Amino acid sequence: MPLSEGSADQEPFSSLAELRQQNSALLKQWRLRRQDQAKEPDIAAARELIDRSIATGAILKELSDRDDAQEIVDYWIAQILSAAPTERLSAHKTIDEFKRLPSEGLTPTSSAQQEYSSAREQTRISALARQYYKSNRERGYLLEGQALTDAKRYAQRDTEIANFVNESENYEKKKQRVRRLIKIVFWIPVLILLSAVALLSVLLWSAERFSQSLVARVKNPTESVDHKNLSIQFLALLQRVAPPYDFSGKEFVDLSFRGARLVAPNFTQSTLNRVNLKQSQLYGSSFIGAQLQEVAFDGAKLTFGQFRGADLNNVSFSGAELYRADFEDADLCNVDFSRADLRGTYLRDVRFDRKFEPKRFLNTAWWLALGWTRKELEDLMRINVSMDVLESSAAFQNDRHRQIEEVNSAAGNAIARADALNGFAWILATWGLQLSALNAQPLKSSLPNGSLWTPGASPDCKQDGSTDTSNALGAVKVAICILTGEKQNLGEASYKEKLANYTDTYAYLLMQLGQAESAVEVLKPLDIKDDTATQFRYAAAAFSLGKEYEKVGLSVLKSSLSNQDQPYIPSHEVYQLRRLIAGEFYKELYSSIDKAHPQKESHCPN
């Protein structure tokens, strides 16, 4: 609360004697509080004394009395400013004018009154100066603003006042320098930042305008091929600061985008003829409805690429990254996908060559793609898959490394570690690689805290010789073991859900390792009526056991495939469980695939 600016509402002391008595009492109180460091000075009491002293000036007639009262006011203002520098109050308050009663006669003449006021003001400033030096130069006594200007008039009359004014001026100049320095320190970084933002805005604007002119040059049919290729190189350099480029609806012939890194370039409804896009990075690119003839995407990164409704002739995606690329309703004539990354690639309603050539998918994990027709699956099953090639592929190594990092980042969190180990096992299961200790490669990965997750290291569960976390089977065993130990920390519903998930992974691995009977046994206790994916895998394992299990397997299969809410169409299971799928199960499964993904008539010339 700031000090009151006036004394009109304050009750004055009845006399100077009472003022002095209250001043002595407050001095004693402050002295005791200073000795007791746990107590703060009573600022409120000091404020009240100041306000009442100012009001008392109205009844003090004698100059000496008024000087004493003014000195008390000045002293307590200085004490407050010293004890609480953040208090909002003026350092210079003058006691109220003496109010002469009518019975006391006429007021002094104007000249006499001015002389009286001048003498009183000089005395007040002199008293303030003495108090300043007595207090060992307490800064709260120093003058500033109008008070300093007024005091200069008396500097020549009194040496002590002159020194006091001089020190007040020096301190005021020092404060002004500090304030200027603070402003400079504050505004220089602000100005630099604003200048940098303005410069960046200009550069971005210039880059956008320049890139637009380069795109226009590439799209210009009259521009030379050399100039267009040079423009493409500049566009690749500018892509970091420029928005995605729009090449839609134009024709591009004999151009090279080789190695170019472009973000979401738009080639929708464009025509590309003899265009080189090898080793390019075209994340999120759009070739929707485009015409592509003799185009090379070898080694290109086309994650989330869109090729819906496109017409591709003599196009190569050899070694390309097609993670979650969409080819729905596209015509793919003589298109090479060998060694391509087909994780989540969508091929529904695609029209291949009149005679489907599975060799164009050599050395790919084609079963990770979605949307295959029955005939395409049957043809793909006949080609030889080199698991060694897949194991060394960038796609598998990226998947595996990502899951290892999840396990590493889960250090110290048992449930997160179990989830990560189960995820690691599931990824290996869908690839069909490193399923058990017999076919796992060495694993050594640093954890954030410096410890290691190494083959066979399972600090969460007792080692039994078979829980080697470098392979899928060992990893999921450790995950189940950890989950069991954390059962009390999980709710019943959450525990059952996670246990069903981990057990499904475990059973899927057992099926691939020729242990279908064990897989059926571990899945039996689970409630899988609402999980059509687990139903399908259970059905395949059960049917493969023969005898009474065949009927059970067929029944569960039909339930999985015909579920009205979520019918299950298998993808990787068709290949990984191929040894279990035969007879009536085969017929039922492939009939369902026929209905879900009917064969489309080819538009290819041959």
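Model, not experiment: these values are computed from the prediction.

Caption draft 1: Spotlight on the overall build of the protein. Scanning the protein for helices and strands turns up 18 helices and seven strands. Burial analysis of the protein (606 residues in total) assigns 45% to the buried set. Across the protein, contacts joining residues at least 24 apart in sequence account for 49% of those joining residues at least 6 apart. Carbon and sulfur atoms provide 50% of the accessible area of the protein, an area that totals close to 31200 Å².

Caption draft 2: Examining the nonpolar core more closely. Membership of the largest hydrophobic core comes to 121 residues, with the highest contact counts inside it found for Phe297, Phe317, Phe327 and Phe337. Considering each element in turn, this core owes the most residues, 10 residues, to helix 11 (residues 414-431). Among all residues touching Phe327, those that are not within four sequence positions of it are Phe307, Leu312, Phe317, Leu322, Leu332, Phe337, Thr345, Tyr346, Leu347, Arg348 and Val350. In this structure, Ile54, Trp76, Ile80 and Ala84 belong to the second largest nonpolar core, which totals 20 residues.

Caption draft 3: Highlighting the packing of aromatic side chains. Applying the stated rule across the entire model yields 39 aromatic pairs. On the basis of an interplanar angle of 15° and a centroid distance of 4.9 Å, the ring pair of Phe247 and Phe267 is categorised as stacked. Linking Phe247 in the loop between helix 7 (225-238) and strand 1 (251-253) with Phe267 in the loop between strand 1 and strand 2 (271-273), this pair joins segments that are 20 residues apart in sequence. Residue Phe247 is classed as buried on the basis of its relative accessible area, which comes to 0%. Judged by relative accessible area, which is 1%, Phe267 ranks as buried. Sitting above the plane of the Tyr508 ring, Arg537 keeps its charged end 5.6 Å from the centroid. Over the ring of Tyr575 we find Arg578, and its NZ or CZ is 3.9 Å from the ring centre.

Caption draft 4: The arrangement of the pattern of salt bridges in detail. A full pass over the atoms with the stated rule returns 30 salt bridges. The partner of Lys152 in a salt bridge is Glu169, with the nearest N and O atoms 2.8 Å apart. Here Lys152, found in the loop between helix 5 (145-151) and helix 6 (159-219), pairs with Glu169, found in helix 6; they are 17 residues apart in sequence, far enough to count as distant. Residue Glu169 is classed as partly exposed on the basis of its relative accessible area of 23%. Between Asp504 and Arg537 there is a salt bridge whose closest N-O contact spans 2.7 Å.

Caption draft 5: Representation of the state of the cysteines in the model. All told, the structure shown has one disulfide when counted by the stated rule. The residue that forms a disulfide with Cys333 is Cys604, at a sulfur-sulfur distance of 1.9 Å. Note on the Cys333 and Cys604 pair: the S-S dihedral is about -90°, so by sign convention the disulfide is left-handed. One end of the pair, Cys333, is in strand 5 (residues 331-333); the other, Cys604, is in the segment after helix 18 (583-596), with 271 residues separating them in the sequence. Per residue, the accessibility class of Cys333 equals that of Cys604, and both read buried.

Caption draft 6: Highlighting a positive patch on the surface. On the surface, a cluster of positive charge is made up of Arg139, Lys173, Lys174, Arg177, Arg180 and Lys183. By the secondary structure assignment, Lys183 is in helix 6. According to the relative accessible area criterion, Lys183 is exposed, its value standing at 54%.

Caption draft 7: Region of the structure containing a nonpolar patch on the surface. A cluster of nonpolar side chains, namely Phe186, Trp187, Leu191 and Leu194, defines an oily patch on the protein surface of about 450 Å² accessible area. With respect to the element layout, Leu191 can be found in helix 6.

Caption draft 8: Focus on unusual backbone geometry. Phi at Arg274 is positive, roughly 55°, even though this residue is not glycine. By the element assignment, Arg274 lies in the loop between strand 2 and strand 3 (291-293). For Arg274, a relative accessible area of 39% gives the class partly exposed. Here Asp349, not a glycine, exhibits a phi torsion of approximately 60°, which is positive.

Caption draft 9: Quick look at empty space enclosed by the protein. Overall, the coordinates contain two cavities of 30 Å³ or more when judged by the stated rule. Every residue along the wall of the largest cavity is listed here: Arg66, Asp67, Gln70, Thr94, Ile95, Arg120 and Arg124. At the level of elements, helix 3 (63-83) and helix 4 (110-134) are the ones that each hand at least two residues to the lining of the largest cavity. Each residue belonging to the lining of the largest cavity can be placed in one class, and the counts come to one nonpolar, two polar and four charged. If you go around the second largest cavity, the residues you meet are Val335, Phe337, Phe352, Asp353, Phe356, Glu357, Arg360 and Phe361.

Caption draft 10: Examining the confidence of the model for the protein more closely. Averaged over every residue, the pLDDT of the protein is 86; the share at 70 or more is 89%. Contacts of residues 1-6 to residues separated by more than four positions or lying in other chains number 12 contacts, the stretch itself having pLDDT below 50. Here residues 439-460 scores under 50 on pLDDT; set against residues more than four positions off or in separate chains, the count is 57 contacts.

Caption draft 11: Examining the packing of helix 10 (residues 394-409) against helix 11 more closely. Two elements in contact, helix 10 and helix 11, have axes whose closest approach is 8 Å; the angle formed by their N-to-C orientations is 165°. With respect to each other, helix 10 and helix 11 are oriented roughly antiparallel. For the element pair helix 10 and helix 11, the recorded crossing hand is left-handed. Facing helix 10, whose interface residues are Ala395, Phe396, Asp399, Arg400, Gln403, Ile404, Glu406 and Val407, helix 11 presents Arg417, Ala420, Leu421, Gly423, Phe424, Ile427, Leu428 and Trp431. Residue composition of the contact of helix 10 with helix 11, by class: 10 nonpolar, two polar and four charged.

Caption draft 12: Region of the structure containing the packing of helix 11 against helix 12 (residues 472-485). One way to put it is that helix 11 packs onto helix 12 with a least axis distance of 8 Å and a crossing angle of 155°. As judged from the angle between their axes, helix 11 and helix 12 are roughly antiparallel. By crossing handedness, the relation of helix 11 to helix 12 is classed as left-handed. On helix 12, the residues that touch Ala414, Arg417, Ala418, Leu421, Asn422, Phe424, Ala425 and Leu428 of helix 11 are Ala472, Ala475, Val476, Val478, Ala479 and Ile482.

Caption draft 13: Structural detail: the sheet that holds strand 1. Strand order in the open sheet formed by five strands is 1-2-3-4-5, and the pairing between neighbours is parallel. Both outer strands of the open sheet, strand 1 and strand 5, are each paired with one neighbouring strand and no more. Strand after strand, the sheet turns through a mean of 5° between neighbouring axes, direction not considered. Strand direction decides the pairing type here: strand 1 and strand 2, joined by three bridges, are parallel. What sits directly across from Phe252, in strand 2, is Leu272.

Conventions adopted
- Residues numbered from 1 in each chain as written.
- Predicted model: local features only at pLDDT ≥ 70, side-chain atom pairs only at ≥ 80, totals over all residues.
- Heavy atoms only, no water.
- Helix = DSSP H or I, 4+ residues; strand = E, 2+ residues; numbered from the N terminus.
- Buried < 20%, exposed > 50% of the residue type's maximum accessible area, 1.4 Å probe, protein only.
- Contact = heavy atoms within 4.5 Å.
- Areas by Shrake-Rupley, 256 points an atom, 1.4 Å probe, with all protein chains shown as cover.
- Core = buried A, V, L, I, M, F, W, Y, C linked by side-chain atoms within 4.5 Å.
- Phe/Tyr/Trp six-rings, centres within 6.5 Å; stacked < 30°, edge-to-face > 60°.
- Lys NZ or Arg CZ within 6 Å of the ring centre and 35° of its normal.
- Salt bridge = Lys/Arg side-chain N within 4 Å of Asp/Glu carboxyl O.
- Disulfide = S-S within 2.5 Å.
- Patch = residues over 30% accessible without salt bridge, like charges linked within 9 Å, V, L, I, M, F, W, Y side chains within 5 Å.
- Lys, Arg positive; Asp, Glu negative; His and termini not counted.
- Charge placed at Lys NZ, Arg CZ, Asp CG, Glu CD.
- 1 Å grid on protein atoms, 1.4 Å probe; cavity = no way out; pocket = protein on both sides within 12 Å on 5 of 7 lines; lining within 4 Å.
- Points joined across faces, edges and corners; volume = space filled by probe spheres on them.
- Nonpolar A, V, L, I, M, F, W, Y, C, P; charged D, E, K, R; others polar.
- pLDDT = per-residue confidence, 0-100.
- Axes fitted to C-alpha atoms, helices over the stretch in contact; angles between N-to-C directions.
- Parallel < 35°, antiparallel > 145°, perpendicular 65-115°, else oblique.
- Left-handed = near helix turned anticlockwise from the far one by under 90°.
- Pairing = 2+ DSSP bridges.

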